[in-house]
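Observations on the model geometry
Below are the chains, spelled out letter by letter.
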Amino acid sequence: MKIGILTSGGDCPGLNAVIRGAVLKGIKSYDHEFVGYRDGWRGVVEGDVMELPRSTVRGISKQGGTILGTSRTNPFEGDGGPENIQAHMDRLGVDAIIAIGGEGTLAAAQRLTEAGLKIVGVPKTVDNDLDATDYTFGFDTAVQIATEAIDRLRTTGESHHRTMIAEVMGRHVGWIALHSGMASGAHAILIPEQPESMETVAGWISEARDRGRAPLVVVAEGFAPEHFEGPHSERGLDAFGRPRLGGIADKLAPELEAMTGIETRATVLGHIQRGGVPSAYDRVLATRLGMAAVDSVVEGNWGTMVSLRGTDIVNAPFSYALENLKTVPQSRYDEAKILFG
Ligand code: F6P
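Criteria and thresholds
- Residues numbered from 1 in each chain as written.
- Predicted model: local features only at pLDDT ≥ 70, side-chain atom pairs only at ≥ 80, totals over all residues.
- Heavy atoms only, no water.
- Near = heavy atom within 4 Å.
- Polar contact = N/O pair within 3.5 Å; in protein donor to acceptor, adjacent residues only side chain to side chain.
- Nonpolar A, V, L, I, M, F, W, Y, C, P; charged D, E, K, R; others polar.
- Helix = DSSP H or I, 4+ residues; strand = E, 2+ residues; numbered from the N terminus.
- Buried < 20%, exposed > 50% of the residue type's maximum accessible area, 1.4 Å probe, protein only.
- Contact = heavy atoms within 4.5 Å.
- Expected span 1.5 Å × (residues − 1).
- Pairing = 2+ DSSP bridges.
- Right-handed = clockwise from strand over helix to strand, strands pointing away.
- Salt bridge = Lys/Arg side-chain N within 4 Å of Asp/Glu carboxyl O.

Digging into the site of the ligand
Around the ligand sit Arg72, Val126, Asp127, Met169, Gly170, Arg171, Glu221, His271 and Arg274, and that is every residue in its neighbourhood. Taking Asp127, its side chain carries an N or O atom lying 2.7 Å from an oxygen atom of the ligand. Within the side chain of Arg274, a nitrogen or oxygen atom sits 2.8 Å from an oxygen atom of the ligand. Here the residues of the shell around the ligand are counted per class, giving two nonpolar, two polar and five charged.

Quick notes on the environment of Tyr281
Within the element layout of this structure, Tyr281 appears in helix H9 (residues 280-299). Overall, Tyr281 belongs to the partly exposed group, its relative accessible area being 41%. Tyr281 sits 141 residues away from Asp140 along the chain, and the two C-alpha atoms are 7.1 Å apart. Leaving out residues up to four positions away in the same chain, Tyr281 has contacts with Tyr135, Asp140 and Leu308.

Focus: helix H7 (residues 198-210)
The end-to-end C-alpha distance of H7, which contains 13 residues, comes to 18 Å, matching closely the 18 Å that a straight helix rising 1.5 Å per residue would cover. Along H7, the residues that are buried comprise Met198, Val201, Ala202, Trp204, Ile205, Ser206 and Ala208. Next to the buried residues of H7 lie strand S6 (163-168), strand S7 (188-190), strand S8 (216-220), helix H8 (248-260) and helix H11 (330-337). Where H7 ends, the next residue or the one after it, Gly212, has phi of about 85°, a positive value.

Considering the pairing of strand S1 (residues 2-7)
When you tally the buried positions in S1, you get six out of six residues, the bulk of the element. In S1, alternate side chains face the same way, and those of Lys2, Gly4 and Leu6 on one face and Ile3, Ile5 and Thr7 on the other are all buried. The pairing of S1 with strand S2 (residues 33-37) spans four bridges and is parallel. Each bridged residue has a counterpart across the sheet, and for Ile3 the counterpart in S2 is Phe34. Crossover handedness for the path S1 to helix H1 (residues 15-30) to S2: right-handed. Sheet topology note: the S1/strand S4 (residues 96-101) ladder contains five bridges and is parallel. The partner of Gly4 across the bridge, within S4, is Ile97.

Some thoughts on the pattern of salt bridges
Tallying each qualifying case throughout the model produces 16 salt bridges. Among the ionic pairs, Arg42 bridges to Glu46, the shortest N-O distance being 2.6 Å. In this pair, Arg42 and Glu46 are both assigned in helix H2 (residues 41-46), four residues apart and thus about one turn of the helix distant. A salt bridge links Asp134 to Arg309; its shortest N-O distance comes to 2.6 Å. Separated by 175 residues along the polypeptide, Asp134 in the loop between strand S5 (119-123) and helix H5 (139-160) and Arg309 in strand S10 (residues 304-309) bring together distant segments of the chain. Note on Asp134: relative accessible area 28%, which makes it partly exposed. Each member of the salt-bridge network shares a partner with another, and the members are Arg38, Asp39, Arg42, Glu46 and Asp48.

See the structure below:
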């Protein structure tokens, strides 16, 4: 059997570990062959592949990014569509596809599977917003990177007696903010699921200052204060029609400075959260998911993704993962809120 692998959407630490896990498992257990599609769905739509013999995955699980390249190409646009993709698969002798991606990628994979293509998925997102899986690889690394950066912001904030606001990624959920904020002891954590008022946020900042602390605020890029109509977006839509987020910290900083009288600085951590080597946890999870995806192909579990449930890897239909965003539950926010101010 020949399997095509693609990595699509925003890159994420651990992608290479998935590829290595899949290729090693497929070669050792089933004598499969592998090709890698270049740059996500673009490679699938154009039939642009590279061979993936065992030597190409040597030592890559600790490598950031993806050796295959990625893109946010929508496989239904341009020359895309199921018939064109199947024709390329037939020409290349590819029997099935493993699609490693987040919400946009898996939604496209679901539509292609419904049209008869043989695809299994591997959930990927630093945002940890996919339902039907407890955690996604990349999230642990992103939280670690964000926490280290926020720890650094704290010392410069303390020296200058300033409020420091760190903006982290996460799209429409607050998982990275919640975890990095809790880990770094932030005085306020602002997440999309909880649209607090500016007065409340200013109150937490003032409380921290009154105790002699340099206030530290972690805000998720998708957070919108009560008086905003929606999350801050000024860079248009991505290929899947979703607003590109980012920049809320710069909006909040002058308002909070005016309200509290404390000099305030904003830092947007941005893509640094997705770069570099994956954590050991992410390497292990990603490797296990890659191996399980090959078993899924052998079992013909088309239209499903491999997912983490507790410590087990199981299968879940794409529809389960896509039905709802995995948001931060109220209980997790309430737990963290005790520590604010
Ligand atoms: O979904 C992952 C993510 O990093 C989000 O947290 C962020 O909003 C988005 O991708 C950034 O996308 P791009 O890499 O296209 O700028």
